[in-house]
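Chain by chain, the residues:
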Amino acid sequence: MREQLLAVEKVQAIEWRDGALYLLDQRLLPHRQSWLRCVTVAEVVDAVRDRVVRGASAVGIAGAYALVLGARARLQAGGSWREALEEDFACLERAHPATVNLSWALQRMHERLVRLKEDDDVLALLEAEAVGIHVSDREANLTTAQLGMELIRRHQGNPQVLLTHGNAGALATGGFGTALGVIRAAHLEGLIEHVHVDETRPWLLGARLTAWELAGDGVPVSLNADAAAAHLMKTKGITWVIVGAGCIAANGDVASKIGTYQLAVNAMHHGVRLMVVAPSSVIDMSLESGEDILLEERDGRELLEVAGQCVAADVPAVNPVLDVTPADLVDYIVTEKGVVERPDSAKMAQLMCRKRLH
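The rules behind these values
Residues numbered from 1 in each chain as written. Predicted model: local features only at pLDDT ≥ 70, side-chain atom pairs only at ≥ 80, totals over all residues. Heavy atoms only, no water. UniProt positions renumbered as here; feature names shortened; annotations may be inferred. 1 Å grid on protein atoms, 1.4 Å probe; cavity = no way out; pocket = protein on both sides within 12 Å on 5 of 7 lines; lining within 4 Å. Points joined across faces, edges and corners; volume = space filled by probe spheres on them. Helix = DSSP H or I, 4+ residues; strand = E, 2+ residues; numbered from the N terminus. Nonpolar A, V, L, I, M, F, W, Y, C, P; charged D, E, K, R; others polar. Pairing = 2+ DSSP bridges. Axes fitted to C-alpha atoms, helices over the stretch in contact; angles between N-to-C directions. Contact = heavy atoms within 4.5 Å.

As annotated in an unreviewed UniProt entry, the chain carries the name Methylthioribose-1-phosphate isomerase and comes from Ectopseudomonas mendocina. Under the heading Function (unreviewed entry), UniProt records this for the chain: "Catalyzes the interconversion of methylthioribose-1-phosphate (MTR-1-P) into methylthioribulose-1-phosphate (MTRu-1-P). Also catalyzes the interconversion of 5-deoxyribose 1-phosphate and 5-deoxyribulose 1-phosphate. Part of a bifunctional DHAP-shunt salvage pathway for SAM by-products." Here the chain is described in UniProt, under the heading Sequence similarities (unreviewed entry), as follows: "Belongs to the EIF-2B alpha/beta/delta subunits family. MtnA subfamily."

Written out as structure tokens, the structure is:
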């Protein structure tokens with residue numbers, strides 16, 4: 001399966017070349033593909049805040065590369081470059097404080113910085129660490145794709161009808177995707193009849209990004225309004241809801257794109273299985289439950305406007321980015337360390353003690 005996925009890889013959102021970070025501007029998709037070249041920490045911070053790059057894993061990878069850019073600038077400036085670089089760490093952390101992957105990636109880069117010896121090639125070693133984070137995420141996605149596909153195969157009678165929400169694809173990761181990686185692998189194995197994609201308001205992540213990724217791979221896909229999901233579960237024979245995650249607590253509660261919680265409730269009512277696919281780096285064992293997860297809320301104007309055009313009444317708007325799905329609504333959590341069925345605190349702790357499967 002790994003070789004099959006590699007052979008059909010089409011979408012990448014992040015490239016590191018010639019000492020610069022290139023980000024596919026996701027605000028312009030699907031109608032225009034434009035790359036933003038970043039050579040400073042400030043440019044990467046702006047790209048994260050403005051959602052040029054988005055998705056937990058992709059933001060973490062971008063943050064790691066940004067620190068290579070920061071180290072280069074600090075070394076060229078001379079003086080106490082290590083102390084100055086700490087300012088870059090703090091700036092990147094503030095760019096998206098709710099993203100567990102970003103904190104995890106920055107911590108990995110900081111640990112590599114601490115281990116540097118006096119005569120080490122600082123830039124080469126930090127660059128190698130950032131590239132390692134990027135490659136590791138792609139490999140994790142290849143592993144979760146295989147594991148998730150095998151779950152679908154295990155429960156398969158006829159080819160399956162799936163539903164997904166948000167964008168947990170190649171655009172949100174280092175490559176292939178988490179939820180969409182599983183869907184891609186299942187499609188290659190002939191296990192999919194159709195995929196329904198929620199439009200995913202307010203950023204239309206499903207309509208603009210997920211549908212575009214899946215259609216590009218030849219997956220049979222259609223778009224629906226978020227509010228149609230329960231109706232489709234009732235009438236279209238949907239057997240799986242497959243989503244990504246921004247953060248998973250120690251008890252298996254899952255923070256994911258807003259709207260996932262109501263999908264999980266509807267899925268349980270209709271007998272539809274819920275699969276959450278994510279790298280283990282989003283699991284934060286210091287968070288006892290979903291109540292402890294930091295949930296971001298963005299500017300309400302994102303709900304009131306479409307492409308800068310006001311489409312709503314002049315009233316206040318509430319715009320949460322994530323919601324928390326309780327663990328007892330989750331059938332499977334799939335990571336590169338393995339699969340957890342019906343997650344709870346004991347099973348999550350056992351998972352985190354395992355080594356990566358790839």
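Some points on empty space enclosed by the protein
Within the structure shown, the criterion is met by two cavities of 30 Å³ or more. What lines the largest cavity is a set of 33 residues, and nearest its centre among them are Arg-54, Gly-55, Ala-56, Gly-246 and Leu-322. Every element with two or more residues in the lining of the largest cavity is listed here: helix 3 (56-77), helix 5 (100-114) and strand 9 (254-257). Sort the elements by how many residues they give to the lining of the largest cavity and helix 3 lands first, with three residues. Here the lining of the largest cavity is built from residues that sort into 16 nonpolar, 13 polar and four charged. Roughly 80 Å³ of volume is contained in the second largest cavity. Around the second largest cavity sit Leu-5, Val-8, Glu-9, Lys-10, Val-11, Ala-170, Phe-176, Arg-184 and Asp-217, which together line it. Considering only residue class, the lining of the second largest cavity consists of five nonpolar, no polar and four charged.

Considering the sheet that holds strand 2 (residues 20-24)
Two strands in a sheet stick together by hydrogen bonds in their backbones, pointing the same way (parallel) or opposite ways (antiparallel). Taken together, the three strands give an open sheet; going across it, the order is 1-2-3, and neighbouring strands pair in antiparallel fashion. Only two strands of the sheet have a single partner each, and these edge strands are strand 1 (14-17) and strand 3 (35-38). Averaged over all pairs of adjacent strands, the angle between their axes in this sheet comes to 25 degrees, without regard to strand direction. Sheet contacts for helix 2 (residues 41-49): strand 2 and strand 3; angle to strand 3, the most-contacted strand, approximately 145 degrees.

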